[in-house]
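What follows is each chain in one-letter form.
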Amino acid sequence: MRDMNKRSIPFYVDQLAKEGDTDLMRKYMEWMMEKRAATLTIEAYMRSVRNLNSYVRAHHDIVLDLTNVNRVTGAMVMEWYGTTRDLNDASRSLVGTALRSFFGFCEVAGYILKDPSKILPVLSRSDVPQPGSDEEIERAYSDAEMRNMLRCEPKWATNALMVAKALIVLIGGSALRIHEALQLDVKDILNAEHSVDVVRKGSNKPTCVEVAKPALLYLKEYVKLMKFEPNAPLFCARGGERRYERREALARVSRIQRACGLHTGLHSLRHTVVTNAVRIGGYAVGRDIAGHAVTHMTDRYAHSTANERQRVLCEQGWMDVLPELTEQLKEKRMKRECVDTGAQNE
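Computed from a prediction, not measured in an experiment: that's the story for all the values here.

Turning our eyes to something else, we now look at the overall build of the protein chain. Within the protein chain, the secondary structure is distributed over 16 helices and four strands. Taking all 346 residues of the protein chain together, 45% fall into the buried category. Residue pairs at least 24 apart in sequence account for 61% of intrachain contacts in the protein chain once pairs closer than 6 positions are excluded. Here the protein chain displays about 18500 Å² of accessible surface, and carbon together with sulfur accounts for 49% of that area.

Okay, structure coming up:
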């Protein structure tokens, strides 16, 4: 989307449009593209708009097109919103944001006189699950789910799959935030014994972050297999020319998560390791692994050692699958090297 010009927008609309999309929905997609919205954002917003369109068509004989959108009332929108009550608060908040964006566009463009989405509730900060609460812990993956993601071999088993698994291993083995993980270069992993230096959130200086040793061994095999240059980004596109962006990383990992029937998201991986760290080593260790300043005031003077953090990271149940997967990567690398050597001899 970043290099999109106005002449290419209709092409991208054709790529994202689905059967049943109305003229108004296509205009809304064009508008979001002109605003340089990310592809994943457009897809998420359009999912809610399409669901609303299906509902009002079935229950009120109204289609969200240029002619009939002004017939949609706040009561209809609220009625459909009520059918999403089984979603978690974050998902319902996204639904509300999508509909406010869609009807806001319709109002500005003059297709409606009154925005019916203004009746939707806006979740306050207190409505969102807080770290450590039961709702927050439920977002973490189980050990079995982590193993399933790492053993998943979908049909698109290419370099993109190996990049996605490497991201899962790194975040799951360190609790790095996604933007912190994407900072790393290949040399950071090759030179690491048990930790990497990363500029963490809220700081402008590198901080030593523990990475589980099984995760580091896996990542070292990954970079050898991919044949990246030492100065190349650890997660890169186009053969090392460009560092991955957050949305690209999310797209890669989400494909594995969907293939396993799991909820998608990179931050859930961080929730997983922090939740495990608190359960295994206590709040002080969990806080230091997460990179938080304090858990609460009484923990201000509690600190964990590097050995404690390493032990807790390695004791996560799903870590037992990494030696097996590391050997598989090593075998793939050796096969590639044999093929390359044979080609050179010929």
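Looking at the secondary structure, you find Gly74 in helix α4 (residues 74-81). Here the alpha-carbon distance between Gly74 and Leu120, two residues 46 residues apart in the chain, equals 8.1 Å. Those residues in contact with Gly74 that sit more than four places away from it in its chain are Pro116 and Ile119.

Phi angles above zero are rare outside glycine, and Ala175 is one such case at about 70°. Locating Ala175 in the fold gives a position in the loop between α8 (159-172) and α9 (178-181). Look at Lys227: it is not a glycine, yet its phi comes out positive at around 60°.

Here we come to the packing of aromatic side chains. What the rule picks out here adds up to eight aromatic pairs. Each ring, one from Trp31 and one from Phe105, has its centre 5.3 Å from the other, and the planes form 35°; the classification is tilted. With Trp31 in helix α2 (residues 23-34) and Phe105 in helix α5 (residues 89-109), this pair connects stretches of sequence that are 74 residues apart. We classify Trp31 as partly exposed; its relative accessible area is 28%. Overall, the relative accessible area of 9% leaves Phe105 in the buried class. An aromatic cluster of three or more residues is present, and its members are Tyr28, Trp31, Phe102, Phe103, Phe105 and Tyr111. Taking NZ or CZ as reference, Arg92 lies 4.2 Å from the ring centre of Tyr81, over its face.

Conventions we followed
For every chain, the first residue of the written sequence is number 1, and numbering continues from 1 along that sequence. Where totals are concerned, whole chains, interfaces and linings use all residues; where local detail is concerned, this predicted model gives features only for residues with pLDDT of at least 70, and gives and counts side-chain atom pairs only at 80 or more. The basis for the side-chain values is all heavy atoms of the structure; hydrogens and waters are excluded. In this text, helices come from DSSP runs of H or I with a minimum length of four residues, and strands from runs of E with a minimum of two, each type numbered from the N-terminal end. Remark: exposure states derive from per-residue accessible area (1.4 Å probe, protein chains only) relative to the maximum for the residue type, with buried under 20%, exposed over 50%, and partly exposed in between. Every residue pair with non-hydrogen atoms within 4.5 Å of one another is taken to be in contact. Only the protein chains shown count as cover for residues, and the accessible areas themselves come from Shrake-Rupley with a 1.4 Å probe. Working definition: rings of Phe, Tyr and Trp (its six-membered ring) pair if their centres are within 6.5 Å, and the pair is stacked with planes under 30 degrees apart, edge-to-face with planes over 60 apart, and tilted otherwise. Think of it as a cone above the ring: NZ of Lys or CZ of Arg counts as a charge over the ring if it is within 6 Å of the ring centre and within 35 degrees of the ring normal.

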